[in-house]
Amino acid sequence: MDAKIEPDDTRRIIVALDFATERAALDLLGRLDPAKCRVKVGKELFTACGPGLLREIHRRGFATFLDLKFHDIPNTVAGAVRAAAANPGVWMLNVHASGGRAMLDAAVAASQSQNGSARPLVIGVTVLTSLNDVDLAELGLRNRAREQALALARLCLEAGLDGVVCSAAEAALLRRELGPGFLLVTPGIRRPEDGKEDQKRTMGPAEAIAAGADYLVVGRPVTRAENPSAALESFCGEIHGKAPNLS
């Protein structure tokens with residue numbers, strides 16, 4: 001698969017809709033421009049609202065990254081991917097790379113099985129940005145976070161996935177080792193004025209893009225900002241090397 005990002009793609013920011021209700025999510029969308037970002041729907045919001053919300057987000061012009069991190073036996077993951085891919089609002093979805101080769105193969109095959117419809121991008125989760133080397137050691141893993149991320153990313157590439165979710169701290173390594181055309185989606189993006197909160201491995205937006213990231217997931221620095229649209233402009237301005245328009 002060649003999923004290399006288009007050079008003219010200005011929607012490099014994915015805003016994380018980490019809300020508990022549909023109303024809160026849609027209220028935020030009303031303050032954002034779908035031409036400037038995509039959005040991410042995770043476990044809490046999807047569990048509360050279901051696939052109908054994805055269709056409403058699509059109706060409003062936003063592309064959705066469905067962040068459910070499927071991790072199960074191959075047949076179960078294939079069914080989940082197939083169901084997600086049937087929703088026209090799903091632009092991208094993810095699975096845990098640690099589910100193994102057979103599960104990854106099943107996910108890719110299921111994403112391609114729709115009747116002529118555009119398939120969603122399928123990416124693998126390597127090492128969560130809330131984990132560091134100490135956490136991995138507690139889980140019994142000998143690899144450090146960077147080594148583990150690279151090993152799992154290689155597995156995803158070999159299985160035909162479009163890319164991976166990784167920390168921006170690993171983006172330069174993965175880009176160098178895995179080459180172009182393999183998408184790197186990085187959460188944990190923070191400006192100097194933003195608190196790290198539960199993220200342990202963070203990086204600024206311009207630095208993450210320079211390191212090789214294709215898409216940046218941004219949550220609370222935008223969603224909890226007094227002016228979410230201005231905050232989004234700030235992130236976009238840093239990525240594109242120009243001052244943000246805060247008017």
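Residues numbered from 1 in each chain as written. Predicted model: local features only at pLDDT ≥ 70, side-chain atom pairs only at ≥ 80, totals over all residues. Heavy atoms only, no water.

S.K.: Report on the pairing of strand 3 (residues 64-70), specifying residues and quantitative values.
M.R.: Burial analysis of strand 3 places 6 of its 7 residues in the buried class, which makes it a mostly covered element. Pairing between strand 2 (residues 38-41) and strand 3: 3 bridges, direction parallel. Paired with lysine 40 across the two strands is phenylalanine 65, which belongs to strand 3. With 4 bridges connecting them, strand 3 and strand 4 (residues 90-96) associate as parallel partners. When the bridges of strand 4 are listed, leucine 66 appears paired with leucine 93. Once the chain exits strand 3 it traverses helix 4 (residues 74-85) before rejoining the sheet at strand 4, and the crossover so formed is right-handed. (Buried < 20%, exposed > 50% of the residue type's maximum accessible area, 1.4 Å probe, protein only. Helix = DSSP H or I, 4+ residues; strand = E, 2+ residues; numbered from the N terminus. Pairing = 2+ DSSP bridges. Right-handed = clockwise from strand over helix to strand, strands pointing away.)

S.K.: Any details on the side chain of threonine 64? Residues and values, ideally.
M.R.: When you line up the elements, threonine 64 lands in strand 3. The residues contacting threonine 64, other than those within four sequence positions of it, are Val39, Val41, Leu54, Ile57, Gly89, Val90, Trp91 and Met92. (Contact = heavy atoms within 4.5 Å.)

S.K.: Before we move on, could you go through the sheet that holds strand 8 (residues 215-218) and cite the residues and values that matter?
M.R.: Ordered by their spatial adjacency, 8 strands build a closed barrel running 1-2-3-4-5-6-7-8, and the pairing between neighbours is parallel. For this sheet the average axis-to-axis angle between neighbouring strands, irrespective of direction, equals 25°. The sheet contacts of helix 4 involve strand 3 and strand 4, and relative to strand 4 the element is tilted by about 165°. (Axes fitted to C-alpha atoms, helices over the stretch in contact; angles between N-to-C directions.)

S.K.: Any chance you could break down the packing of helix 4 against helix 5 (residues 101-111) for me, citing the residues and the numbers?
M.R.: How two helices pack is summed up by the angle between their axes together with the distance between the axes. With their axes 8 Å apart at the nearest point, helix 4 and helix 5 run at an angle of 25° to one another. Classified by the angle their axes make, helix 4 and helix 5 are roughly parallel. With respect to the hand of their crossing, helix 4 and helix 5 are arranged in right-handed fashion. Across from Pro74, Val77, Ala78, Val81, Arg82 and Ala85 in helix 4, the residues of helix 5 making contact are Ala102, Met103, Ala106, Ala107, Ala110 and Ser111. In the contact of helix 4 with helix 5, the residues fall into 10 nonpolar, 1 polar and 1 charged. (Parallel < 35°, antiparallel > 145°, perpendicular 65-115°, else oblique. Left-handed = near helix turned anticlockwise from the far one by under 90°. Nonpolar A, V, L, I, M, F, W, Y, C, P; charged D, E, K, R; others polar.)

S.K.: Run through the pattern of salt bridges, naming residues and quoting values.
M.R.: Scanning the model with the defined rule gives 12 salt bridges in all. The salt bridge partner of arginine 101 is glutamate 158, with a shortest N-O separation of 3.0 Å. Residue arginine 101 is found in helix 5, and its partner glutamate 158 is found in helix 7 (residues 145-159); the two are separated by 57 residues along the sequence. Taken together, the shared-partner salt bridges in this structure form one network comprising Asp18, Lys40, Asp67 and Lys69. (Salt bridge = Lys/Arg side-chain N within 4 Å of Asp/Glu carboxyl O.)

S.K.: Report on the side chain of arginine 12, specifying residues and quantitative values.
M.R.: Inspection of the secondary structure assignment puts arginine 12 in the segment before strand 1 (13-16). Despite its burial, arginine 12 remains without a salt bridge, the nearest opposite charge being carried by aspartate 214 at 4.6 Å. Here aspartate 214 takes part through its backbone oxygen, which lies 2.6 Å from a polar atom of the side chain of arginine 12. (Lys, Arg positive; Asp, Glu negative; His and termini not counted. Polar contact = N/O pair within 3.5 Å; in protein donor to acceptor, adjacent residues only side chain to side chain.)

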